[in-house]
Amino acid sequence: MNQNTKQNQESSSNTPASVGGCSGGSCGDKPTRRSFLRTSAVAAGGLAAAMAALKPLMELESEDRPTVEKFLQKHYKEMDGDEMQTALTRISKEVEKRFDQRPDIRDIKPMDGVEFVYALNLTRCIGCRKCVHACVAENNQSRSPEIQYIRVLEMPRGTTNVEKGNHHYDHPTVPSDDHYYMPVQCHQCANPPCVKVCPVEATWQEADGITVIDYDWCIGCRYCEAACPYWARRFNFTKPKLPKKDLNPKMSYLSNRPRPKGVVEKCTFCLHRTREGKMPACLEVCPTGARKFGNVLDPESEVSQILKNNRVFVLKEEVGTLPRFFYYFDERYPASDEAKADKTA
Amino acid sequence: MKAYLKFLYRCFKRSFVGGWKYHLWLGFLFVIALVGLNAYCRQYVYGLGTTGMTDQVSWGVYIANFTFLVGVAASAVMLVIPVYIYKREELHHLVIFGELLAVAAIIMCLLFIVVDLGRPDQMHHMMLRFHFPVSILTWDVIALNGYLLLNLHIPGYLIYCAYNKRKPHKNFVIPFVFIAIAWAISIHTVTAFLYSGLGARPFWNSAVIAPRFLASAFAAGPALLIITLQMIRHFTHWRVERQALLTLRSIVTVAMFINMFLLGCEWFTEFYTDSTHVASAKYLYLGLDGKSALVPWIRTSFALNMIALMLLVLPISRRRLRVLNIACIMLFIGIWIEKGMGLIIPGFIPTPLGEIVEYTPTLNETLISLGIWACGILIYTILVRITVPVLSGRLTKDAESFDGGRLDFAKEEDLTAINYQ
């Protein structure tokens, strides 16, 4: 009622302002009172409906709520040592709260004079998928739905066309006759289309050739997923579910720390291990020794020797991404060729 | 400044004035928009897992609608070009409705992008580390927002001048109109480049995508304009000449012919070459490995487009506007299917690793999409509701005549159209 009279005063005080408006004040007076009541009823109803529509927001978990600290956190490349430490402390607290254990989380930088390369021996791979599961355990991926960085294709002999591959083979034993196996994961391209398309530079290539993602910077547009010719990127469509006992507490900012929902992730060549001289988890678990990893800038390294001596190819060379992930066969070039190559060099 | 705020307040007030049909319409759109908002809140809490999207098909109806609506927005230019370059005066006082349609369409585009983001709370990172000019998405951000500003400025300025009974100053209009023409072409070209620049997706990685985007936009957009102008003619007293609709009709027809020609070029290249690249096109038109969810859709779209084109070519659509309306509605739906779902989804099927996973939108994501459409139509309705009385001199700085409740069906023939120059 109070408001109603106020409205009337306002409208009458407005009348002189609207000069010569025949209908503005005089003929509008009576309808204004009635229509004001109606208007406020409609407005109240609309507001109530809008509030009701917003109700699901009440269920937002506390750690998913936007905070000032998260809002102000800078891009990875812009953070100085202290700021990185603050971010790591925050993440550490969040992990401890969620998993009841304090993680060993660090920001591990690339080593000088190192460029990592992966080589996978197609002659030896038997398609056991041990690498797939070791990777999930190492990198704290969501278990439900399970996010896997490695996809093993069961290929019929006589083709390298991935469209002929079977993604969901399920034999009691492997390898099956007449097939070979081709595991695919992030190829850490030297010309990565995923990095090019990201609108916010949330993903980039590091000095050692590993393409990384700042999970706190990604806006979740999934353009990189569309751009990747190897289907190497995964998106957290829901909040990743990881049982407390399965947490790997040794983690780094750019690789295997637990991810929030709504961001993209992928293989990082286990940089929290490999930048400290260890091998990636998928390699360590491989029962046949099909996986080789190392520094291509060191001519004596195993991968350098493989690239030099074995028959090697990259997947989808025509898309021009220059992968750092090579497939090879046991068979070597004839020794004479090697000698010739040395001479010409 | 104070006068301008008063203008805004009066416009705001006026946007709620109308007959019961008008209120019912507003209420209807408002409710659908709220249902959409509710669905979005659910998505915000539980993540994009509430949609039908997967790692295999990582973009769905949101991006499909976005792509289509960029075309609708760009097609406002199809009213501007005839007027400002070819001096077709019968369209002159209708240009503003095209520009307002562009405003509503761009707002819908931006909403479709926002609801597609996994982390909308981190959207400000776009401003802090804008990956320009490398990422085409950043180009699109500039193109769309710039186009929105241009299309807010031009009609906004003209309406405010009419409100103040001032003649619009040429220099505040004409240069912007010509910038907007080039800009309209650019928004759709840049949006096409989002897709055609991806070597990983052979279905999109084709130079014909951008020209085809423009051709289909210049068919679907003016088709929508014809329908909207018919509604404006029916529900307000604004004058819409038959000749104006017929000019738009020829634009739609020519654009649709070019679109169909480019489609033929695509078909030939894909199916005659018959390389491994054809897999996505096969999935779309014929089905692949027994999976064929999109086939009925794309065939419906093709049938709608062909029938619409036939109606447009026949003289009957010139004689009877009702036939023209039907043709336009069919064409609009046909292109919406073809350019939305028909373009985005097959790009992901099969995946770069050859997996075939189909995509069906969920109820929640459909509700969000409907909500955004309702929101856009609501915005457009209100913009038209304000524009008509201002431009026809019924709402000016010193006269606020309430054509009020009876506006809806009051037709008056002798209203003066505003002179732009």
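A. Quick peek at the overall build of chain A. When you go through chain A residue by residue, the secondary structure sums to eleven helices and twelve strands. Taking all 345 residues of chain A together, the buried fraction comes to 50%. On chain A, roughly 16800 Å² of surface is accessible, and the fraction owed to carbon and sulfur atoms is 55%.

B. Geometry of the interface of chain A and chain B. The interface of chain A with chain B comprises 64 residues on the first partner and 60 residues on the second. Summing both partners gives a buried area of about 5200 Å² for chain A against chain B, and 59% of it is carried by carbon and sulfur. Considering only the side of chain A, the residues that lose the most area to chain B are A:Tyr223, A:Trp231 and A:Phe237, jointly responsible for 14% of the buried surface there. Between A:Glu201 and B:Arg129 there is a salt bridge whose closest N-O contact spans 3.4 Å. If you list the elements that add at least two residues to the side of chain A that touches chain B, you get α2 (29-53), β3 (151-156), α6 (193-197), α7 (223-227) and β7 (234-235) of chain A.

C. Representation of the nonpolar core in the model. B:Phe97, B:Tyr195, B:Trp204 and B:Ile344 are the most contacted members of the largest nonpolar core, which totals 158 residues. Considering every element that reaches this core, the biggest residue donor is helix α9 (residues 209-235) of chain B, with 15 residues. Discounting residues that sit within four places of it in the chain, B:Phe97 has contacts with B:Leu225, B:Leu229, B:Ile232, B:Trp238, B:Tyr380, B:Val384, B:Thr387 and B:Val388. In terms of nonpolar packing, the next biggest core, distinct from the first, is built from 56 residues, A:Phe99, A:Cys135, A:Leu153 and A:Trp231 among them.

D. Layout of unusual backbone geometry. Each neighbour pair has its own omega, and for A:Val174 with A:Pro175 the value is -5°, a cis peptide bond. Relative to the helices and strands, A:Pro175 is located in the loop between β3 and β4 (179-184). Note that the residue after B:Phe132, namely B:Pro133, is joined by a cis bond; omega there is 0°. With respect to the helices and strands, B:Pro133 occurs in the loop between α6 (125-128) and α7 (136-163). Positioned with a positive phi, A:Asp178 is a non-glycine residue whose angle comes to about 65°. Take A:Asp178: it is sitting in the loop between β3 and β4. Its identity as a non-glycine residue notwithstanding, B:Lys87 has a phi of 55°, on the positive side. By the secondary structure assignment, B:Lys87 is in the loop between α4 (77-84) and α5 (95-116).

E. Molecular detail of helix α5 (residues 130-138) of chain A. Taken as a whole, α5(A) has its buried residues at A:Cys131, A:Val132, A:Ala134, A:Cys135, A:Val136 and A:Glu138. Note on α5(A): the residue one or two positions beyond its end, A:Asn140, has a positive phi of about 55°.

F. Broad picture of the side chain of A:Asn295. Residues and elements named next belong to chain A. Within the secondary structure layout, Asn-295 lies in strand β10 (residues 291-295). When its relative accessible area of 16% is taken as the criterion, Asn-295 is described as buried. Looking at Asn-295, its side chain comes within polar contact range of the main-chain oxygen of Gly-113, at 3.1 Å. In contact with Asn-295, other than residues within four places in its own chain, are Gly-113, Val-114, Glu-115, Ser-301, Val-303 and Ser-304.

G. Here's a closer look at the pattern of salt bridges. According to the stated counting rule, one finds 35 salt bridges over all chains in the structure shown. Of the charged contacts in the structure, one is a salt bridge between B:Arg129 and A:Glu78, with a shortest N-O distance of 2.7 Å. Residue B:Arg129 is found in the loop between α6 and α7, and its partner A:Glu78 is found in the loop between α3 (68-72) and α4 (81-99); the two belong to separate chains. On the basis of relative accessibility, which here comes to 15%, the residue B:Arg129 falls in the buried class. Note on A:Glu78: relative accessible area 38%, which makes it partly exposed. Among the salt bridges present, the one from B:Arg239 reaches B:Glu241, with a minimum N-O distance of 2.7 Å. B:Arg239 sits in the partly exposed class, given a relative accessible area of 31%. With relative accessibility at 25%, the residue B:Glu241 sits in the partly exposed group. Each of the salt bridges in this network shares a partner with another, and the network as a whole consists of A:Arg90, A:Glu94, A:Asp214, A:Asp216 and A:Arg257.

About the cut-offs
- Position numbers for residues start from 1 in each chain and track the written sequence from start to end.
- Here every chain gets a letter starting at A, and every ligand a number starting at 1, in the order they are written.
- The predicted origin of the model limits local features to residues at a pLDDT of at least 70 and limits the giving and counting of side-chain atom pairs to 80 or more, whereas totals for whole chains, interfaces and linings rest on all residues.
- The basis for every side-chain value is the complete set of non-hydrogen atoms in the structure, without hydrogens or water.
- Put simply, DSSP marks the helices as runs of H or I at least four residues long and the strands as runs of E at least two long, and each gets a number from the N terminus on.
- Relative accessibility decides the category of a residue: with a 1.4 Å probe and only protein chains considered, values under 20% of the type maximum give buried, values over 50% give exposed, and everything between is partly exposed.
- Here the Shrake-Rupley method, with its probe set to 1.4 Å, supplies the accessible areas, and only the displayed protein chains count as covering residues.
- Whether two residues touch is decided by their heavy atoms; if any such pair falls within 4.5 Å, the residues are in contact.
- Summed over both partners, the accessible surface that disappears when two parts come together, traced with a 1.4 Å probe, is what is meant by buried area.
- Put simply, a salt bridge is a Lys or Arg side-chain nitrogen that is within 4 Å of an Asp or Glu carboxyl oxygen.
- Buried Ala, Val, Leu, Ile, Met, Phe, Trp, Tyr and Cys residues that are joined via side-chain atoms within 4.5 Å together make up what is termed a nonpolar core.
- Any pair of nitrogen or oxygen atoms within 3.5 Å is treated as a polar contact; in protein, a donor-acceptor pairing is required on top of that, and neighbouring residues in sequence qualify only through side-chain atoms on both sides.

Any link to function would need more than the numbers given here.
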